[in-house]
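An overview of the molecular structure
Chain by chain, the residues:
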2 protein chains.
Amino acid sequence: MTDQSQACADACLVVSDVLARVGSKWSIMVVATLGRRPHRFNELKREIEGISQRMLTLTVRGLERDGLIVRTVTPTIPPRVDYALTDLGRSLLEPVSALGDWAIANRAAVERARQTFDADLGQS
Amino acid sequence: MTDQSQACADACLVVSDVLARVGSKWSIMVVATLGRRPHRFNELKREIEGISQRMLTLTVRGLERDGLIVRTVTPTIPPRVDYALTDLGRSLLEPVSALGDWAIANRAAVERARQTFDADLGQS
DNA sequence: CTGCATCCGCTACGATACTG
DNA sequence: CAGTATCGTAGCGGATGCAG
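Residues numbered from 1 in each chain as written. Chains lettered and ligands numbered in written order. Predicted model: local features only at pLDDT ≥ 70, side-chain atom pairs only at ≥ 80, totals over all residues. Heavy atoms only, no water.

So, on to the pairing of strand β2 (residues 69-74) of chain B. Residues and elements named next belong to chain B. Relative to strand β3 (residues 80-85), β2 runs antiparallel, the two sharing 6 bridges. Within β3, the residue paired with V70 across the bridge is A84. Remark: 5 residues form the turn of the hairpin made by β2 and β3, two consecutive strands paired antiparallel. (Pairing = 2+ DSSP bridges. Helix = DSSP H or I, 4+ residues; strand = E, 2+ residues; numbered from the N terminus.)

Following this line, the structure appears as structure tokens:
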């Protein structure tokens, strides 16, 4: 392995680590939803259509563990739990938005590439 | 679902789609490696330590399908296959680098948050 | 050298039911 | 309301062997 690839491997491990969390199916939706305003557990569940209660729990746990969101418990009856972005979470929103802009700007190109690829596959 | 969350869901689906590809364990490494210069199949395999042949094949197929990399076959004996970024792939490198910078800049904060979280878990 | 096919374990995920 | 627990399944990903 070259020095250059070693340096890349080092950086890539960190980046992969972040991407493993941010890139997981639901994390980005939770972060984006909380980016608008804080939400309660079931508010998140309702707004993020299709997510199961289990996955929402696991997702917010992971995000909280990484310090991207905070979980505020109000021990009333019924209990109330609010989730909100931390400063760290908000700072993540910026590069993620950049990636989001890329995705939206190039969605057509990607879609075309896929159709071409799949079509050529049929000819082989 | 509100109009706002509907608009988010729409955008998030696209973003998730991109992240599902880019965020997969090996894709970013392949893109980053090809970002430096084109590589042959086994060059990639050697530089990206830990990747299995199967996953490298699947990863480059996926990236090729999405139009992010090109696969050039030279039918000699032994056969030679080169992979390189497309313009689309290079344009992706920019927002991904931004995310990479964030990851590197905040790796310590995330690591600290995790340790704190895990420590508090033991107390509960 | 570059891949594809097969087998197989593992874990992520969804559905459901139960608790404080 | 906000979870936890359990179970079943499906797909990811590694190891190996074969082919062009």
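Moving on from the model shown.
The interface is formed by 48 residues belonging to chain A together with 48 residues belonging to chain B. A combined buried area of about 4,500 Å² lies between chain A and chain B, and 70% of that area is made up of carbon and sulfur atoms. Taking the shortest distance from any N to any O, the salt bridge between B:R65 and A:D118 comes out at 2.5 Å. Joining chain A to chain B, the criterion identifies 10 residue pairs in polar contact (both at pLDDT 80 or more). Elements with a minimum of two residues in the side of chain A that touches chain B: α1 (3-22), α2 (27-36), α4 (53-65) and α5 (87-123) of chain A. Taken together, the residues that form the side of chain A that touches chain B break down as 27 nonpolar, 8 polar and 13 charged. (Contact = heavy atoms within 4.5 Å. Buried area = accessible area lost by both parts, 1.4 Å probe. Salt bridge = Lys/Arg side-chain N within 4 Å of Asp/Glu carboxyl O. Polar contact = N/O pair within 3.5 Å; in protein donor to acceptor, adjacent residues only side chain to side chain. Nonpolar A, V, L, I, M, F, W, Y, C, P; charged D, E, K, R; others polar.)

The next thing to look at is the protein's contact with DNA strand C. Surrounding DNA strand C, one finds 17 residues, the nearest of these being A:M55, B:Q53, B:R61, B:R71 and B:Y83. When the atoms of DNA strand C within 4 Å of the protein are grouped by moiety, sugar and phosphate amount to 65% of the total. Within the contact set of DNA strand C, a phosphate oxygen lies 3.1 Å away from a backbone nitrogen or oxygen of B:N42. At 3.5 Å from a base oxygen of DNA strand C is found a side-chain nitrogen or oxygen belonging to B:R54. (Near = heavy atom within 4 Å.)

Before going further, it helps to spend a moment on the environment of A:V81. With respect to the helices and strands, the residue A:V81 is situated in strand β3 (residues 80-85). Discounting residues that sit within four places of it in the chain, A:V81 has contacts with A:H39, A:R40, A:F41, A:R71, A:T72 and A:V73.

It takes a turn of 180 degrees to lay chain A on chain B, together with a shift of 0.0 Å along the axis; the resulting RMSD is 0.0 Å. Both chain copies can therefore be described as sitting about a two-fold axis. Across chain A, the rotation axis passes nearest the C-alpha of A:G23, at a separation of 2.5 Å. Interface overlap between copies: 100% of the residues of chain A at the interface are likewise at the interface in chain B, consistent with a symmetric, same-surface contact. (Least-squares fit on C-alpha atoms with pLDDT ≥ 70 in both.)

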